[in-house]
There are 2 protein chains.
Amino acid sequence: MANFAIMGFGTVGGGVAEVLRMNREAIEKRLGEPLCLKYILDVRDLSASPYADKVVGDFSVLENDPDLDVVVESIGGAKVALDFTRRALLAGKHVVTSNKELVATHGRELLAIAREKNVNYLFEASVGGGIPLLRPIFQCLAGNEIEEISGILNGTTNFILTRMFQEGVTFDAALREAQERGYAEQDPTADVEGLDAGRKICILADLAWGREVRPGDIEIQGIRSITPGDVEAAGKDGQVIKLVGRAVRNAGGSVSACVRPHLLSAEHPLAAANGVFNAVMVRGNAVGDVMFYGRGAGDLPTASAVMGDILDALDHRAKRRDLGWSEGADIRPFPHRLKAGTALPVLL
Amino acid sequence: MANFAIMGFGTVGGGVAEVLRMNREAIEKRLGEPLCLKYILDVRDLSASPYADKVVGDFSVLENDPDLDVVVESIGGAKVALDFTRRALLAGKHVVTSNKELVATHGRELLAIAREKNVNYLFEASVGGGIPLLRPIFQCLAGNEIEEISGILNGTTNFILTRMFQEGVTFDAALREAQERGYAEQDPTADVEGLDAGRKICILADLAWGREVRPGDIEIQGIRSITPGDVEAAGKDGQVIKLVGRAVRNAGGSVSACVRPHLLSAEHPLAAANGVFNAVMVRGNAVGDVMFYGRGAGDLPTASAVMGDILDALDHRAKRRDLGWSEGADIRPFPHRLKAGTALPVLL
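What counts and what doesn't
Residues numbered from 1 in each chain as written. Chains lettered and ligands numbered in written order. Predicted model: local features only at pLDDT ≥ 70, side-chain atom pairs only at ≥ 80, totals over all residues. Heavy atoms only, no water. Helix = DSSP H or I, 4+ residues; strand = E, 2+ residues; numbered from the N terminus. Rg over C-alpha atoms; globule rule 2.2 N^0.38 Å. Buried < 20%, exposed > 50% of the residue type's maximum accessible area, 1.4 Å probe, protein only. Contact = heavy atoms within 4.5 Å. Lys, Arg positive; Asp, Glu negative; His and termini not counted. Charge placed at Lys NZ, Arg CZ, Asp CG, Glu CD. Pairing = 2+ DSSP bridges. Axes fitted to C-alpha atoms, helices over the stretch in contact; angles between N-to-C directions. Phe/Tyr/Trp six-rings, centres within 6.5 Å; stacked < 30°, edge-to-face > 60°. Buried area = accessible area lost by both parts, 1.4 Å probe. Salt bridge = Lys/Arg side-chain N within 4 Å of Asp/Glu carboxyl O. Polar contact = N/O pair within 3.5 Å; in protein donor to acceptor, adjacent residues only side chain to side chain. pLDDT = per-residue confidence, 0-100. Core = buried A, V, L, I, M, F, W, Y, C linked by side-chain atoms within 4.5 Å. Least-squares fit on C-alpha atoms with pLDDT ≥ 70 in both.

> I tried to follow the overall build of chain A on my own but got confused; where do I start?
When its secondary structure is counted, chain A shows eleven helices and 13 strands. Taking 2.2 N^0.38 as the reference for a compact globule, 348 residues should give roughly 20 Å; the C-alpha atoms of chain A span a radius of gyration of 20 Å, in line with that estimate. With respect to the principal axes defined by its C-alpha atoms, chain A has extents near 65 × 50 × 35 Å. Here chain A, with 348 residues, has 60% of them falling under the buried criterion. Sequence separation of at least 24 residues holds for 71% of the intrachain contacts in chain A that already meet a minimum separation of 6. The positive charge centre, built from 38 side chains, and the negative charge centre, built from 46, are 3 Å apart in chain A.

> Help me out: how do you make sense of the sheet that holds strand β2 (residues 35-41) of chain A in this one?
Within a sheet, each strand pairs with its neighbour through backbone hydrogen bonds, oriented either parallel or antiparallel. Residues and elements named next belong to chain A. Spatially, the six strands line up as an open sheet ordered β3-β2-β1-β4-β5-β6, and their pairing is parallel. Here the strands that pair on one side only, and so sit at the sheet edges, are β3 (55-56) and β6 (121-122). As paired elements, strand β5 (residues 94-97) and β6 share two bridges and run parallel to each other. Across the sheet, V95 pairs through a bridge with Y121, a residue of β6.

> How should the sheet that holds strand β5 (residues 94-97) of chain B be read in this particular structure?
All names here are of chain B. Strand order in the open sheet made by the six strands is β3-β2-β1-β4-β5-β6, with parallel pairing throughout. Single-partner strands in this sheet number two, and they are β3 (55-56) and β6 (121-122). Here four bridges tie strand β4 (residues 70-73) to β5, and the two strands are oriented parallel to one another. Counterpart to V72 in the pairing with β5 is V96. The strands that helix α1 (residues 11-31) touches are β1 (2-7) and β2 (35-41); relative to β2, the one it contacts most, it runs at about 165°.

> Is there a simple way to explain the packing of aromatic side chains in this structure?
Two numbers describe a pair of aromatic rings. These are the distance of the centres and the angle of the planes. Under the counting rule described, the total for this entry stands at 13 aromatic pairs over all chains. Between the aromatic rings of A:F9 and A:Y51, the centroid separation amounts to 5.6 Å while the plane-to-plane angle is 65°, which identifies the pairing as edge-to-face. Here the residue A:F9 occupies a position in the loop between β1 (2-7) and α1 (11-31), and A:Y51 occupies one in the loop between β2 and β3, the gap between them amounting to 42 residues. Ring geometry for B:F159 against B:Y183: centres 4.9 Å apart, planes inclined by 70°, an arrangement best described as edge-to-face.

> Please clarify how the interface of chain A and chain B should be interpreted in this entry.
A common measure of how large an interface is: the accessible area buried when the components associate. If you look at the interface, chain A gives 44 residues, while chain B gives 44 residues. When the two sides are added together, the surface that chain A and chain B hide from each other amounts to roughly 3700 Å², 55% of it contributed by carbon and sulfur. Summed over the three residues of chain A that lose the most area to chain B, namely A:R30, A:C140 and A:Y293, the buried surface amounts to 16% of that side. Our count for the chain A to chain B interface comes out at two salt bridges. A:K319 is paired through a salt bridge with B:D315; the nearest N and O atoms lie 3.8 Å apart. Linking chain A with chain B are 15 residue pairs in polar contact (both at pLDDT 80 or more).

> Can you help me understand unusual backbone geometry in this one?
Glycine aside, negative phi is the norm for most residues, and most peptide bonds take the trans geometry. All names here are of chain A. Residues other than glycine seldom take positive phi values, yet N118 does so here, at roughly 55°. One can find N118 in the loop between α4 (100-117) and β6. Note on N118: relative accessible area 38%, which makes it partly exposed.

> How should I be thinking about the environment of A:G57 in this particular structure?
Residue and element names in this part refer to chain A. Positionally, G57 belongs in the loop between β3 and α2 (59-63). With a relative accessible area of 58%, G57 lands in the exposed category. C-alpha separation for the pair G57 and A88, spaced 31 residues apart in sequence, amounts to 15 Å.

> It is not clear to me how the confidence of the model for chain A should be interpreted in this structure. Could you clarify?
Predicted coordinates in areas of low pLDDT are best not read in detail. Here chain A shows a mean pLDDT of 96. Residues at 70 or above account for 100%. The ipTM for the predicted assembly is 0.95, set against a pTM of 0.96.

> It is not clear to me how the side chain of B:S49 should be interpreted in this structure. Could you clarify?
Within the secondary structure, B:S49 is located in the loop between β2 and β3. Polar contacts involving the side chain of B:S49 include one to the main-chain amide nitrogen of B:Y51, which spans 2.8 Å.

> Just checking my understanding: could you explain the nonpolar core for this structure?
The tendency in soluble globular proteins is for nonpolar side chains to be buried as a group. Membership of the largest hydrophobic core comes to 219 residues, with the highest contact counts inside it found for A:I310 and B:I310. Apart from the residues within four sequence positions on either side, B:I310 is in contact with B:F4, B:V16, B:L35, B:V70, B:V72 and B:V96. Counting residues in each nonpolar core, the second largest holds 26 residues, with A:V240, A:F277, B:A271 and B:Y293 among its members.

> Would you take a moment to explain the pairing of strand β12 (residues 288-295) of chain A for this structure?
Both strand β11 (residues 277-284) of chain A and β12(A) contribute to a ladder of eight bridges, which runs antiparallel. Its bridge partner being in β12(A), A:N278 is matched across the sheet by A:G294.

> Can you help me understand the relation of the copies chain A and chain B in this one?
Both copies of the chain are related by a screw-like operation: a rotation about an axis and a shift along it. After a rotation of 180° and a shift along the axis of 0.0 Å, chain A superposes on chain B with an RMSD of 0.0 Å. Given the turn and translation reported, the copies of this chain are related as if by a two-fold rotation axis. Closest approach to the rotation axis among the C-alpha atoms of chain A is made by A:F292, whose C-alpha sits 2.4 Å away. With an isologous cut-off of 70% or more, the 100% of interface residues of chain A that recur at the interface of chain B puts this contact in the isologous class.

> Please explain the pattern of salt bridges as it appears in this structure.
This structure, assessed with the given rule, holds 66 salt bridges over all chains. Salt-bridge contacts for B:E18 lead to B:R21; the nearest nitrogen and oxygen are separated by 2.7 Å. With B:E18 and B:R21 both in helix α1 and three residues apart, the pair spans about one turn of that helix. For B:R21, a relative accessible area of 53% corresponds to the exposed category. A salt bridge links B:D312 to B:R135; the shortest N-O distance between them is 3.0 Å. Placement of B:D312 in helix α11 (residues 299-315) and of B:R135 in helix α5 (residues 134-140) is noted, with a sequence separation of 177 residues between them. The class for B:D312 is buried, based on a relative accessible area of 1%. Look at the salt bridges and you will find they share partners, linking A:E124, A:R135, A:D309, A:D312 and A:R321 into a network.

Right under this line is the structure:
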């Protein structure tokens, strides 16, 4: 029997419990043993929840339980989540997270602790929601030098740009629609200013090249300034505007990364990702271009990735996944290719 | 130091040697030890090859070398390849292959031997060439019940249909062009009759549901009968014709699979896969639809997948990958949804 805990019982945490309820038979068959959700750490009143008997308010219950194998961190942010993740790893627990902010800003430190304690710190859900992405890049493409990664990494902004393109509406009108549909937060800053996509492209760059690239190190520009006129002009040229996170390895080994609205040919494979869908293209020097596409957010898609990581962490109890990155990336400004007459770079 | 051998030094086998030459530094850093190509088993005269000193003609050299860890089987077919794979596994070697025919027809038996000998038999390259596909489905989506898999699994037929659509040419003219470009064999039967795609959808179904589905058990129809008129009529309705391999889990647990030309809306994500590209859509009950896209064939893309498997096999020397499937799938005819007035089913 394997035991896990969920810290933070919001959208993602609740989704993980639901995925286990839906698919317990397949999950346990795969794992080869029962999987028990032992604790839910949350300070909210969950007494009406079917999981009420699992709720604890004190992290030290998790930390001190020698039978607890895996902790899911779905608290978000980089304060409490950082403290609890650090302590869980130090206590010898595997930790699985969907928290892109924490991985992008403290992943290097946390992975070093995981290495020291011989446990897994896994974060497939932090980029692209449920889309298999980090493990395929790190593992299936391990025989490649990764040359470039370009992705539509934020569903909120992709929804907004898609509506602006389809309906000719303004950014503000499309944002309101996204908020009404629950695709955008009441404070949409992290999404529309590109920070969420910036965290994700940094995690991808960290993994691809093994050196830390932090969101503060790179150019990040959101979509607030995109006008219906920009969208219309692009359409007339057979192009679309997408917020693209990019990371490239330059000759000499330096790295450039950015998040910016880009012009793409409507024929570009990434241009087919509309609405809240995400798509990420990876160029390896042997495989060429491969693309991954799917829902980049949502409770069950994200929980799908978390559950895949829980099973992988438990599969690798004896020999941890050798993940990590070091300091010292040589980061250069992104070598944009601007389209004449616009301020928008082109993604070929 | 880890040692491997390549059996069959054709397109794929040669690609594996080339990928190691190109990316040795990254590969060995990832592996944590040197990786040595110790033998090439081939009966052709390779005396002019830079690898001439590694060539052996006798399989028993590989079988009896206690220091040989991994054998790449890129012989093709299901005769010699079957014999050597069986013997390599029985000798305690990990085996990595791109051979879809062998996996589709003898995978169950070979995986059972691998289990008994506690070694890995891995075949990421057998479906979708370099596209990460089997490992993401089996591992990243392990928290899902897989509901359906639909894929453009054969680059040759996709190239032919793309040319028929773009240029209005006949099947025969497009096939000749594919042969001239090296995308189709001189005997194109296995591709154009759908058998190659059939082997691949069977491997996907085997993995998704754990029960053996063999190519002889399912409906397989190729693209020879598609006319320029069919393609034109589809285009007028905003559709394209693609050769799609499909596998679904029906209510009650039975499985249906087929390969047939399908009508797809031009907006369908799979419709964006043109030319020799492959694309596979997987529907999981938690993640929803995810798609994988890239080059489904070619020396370096396929070798990329083989190299990923070599590294994974070596990572899992102590505890093998628990892969396998049993007999006894309940296979039903595919529940097609035909478009009125045509013989072509529709993929929604």
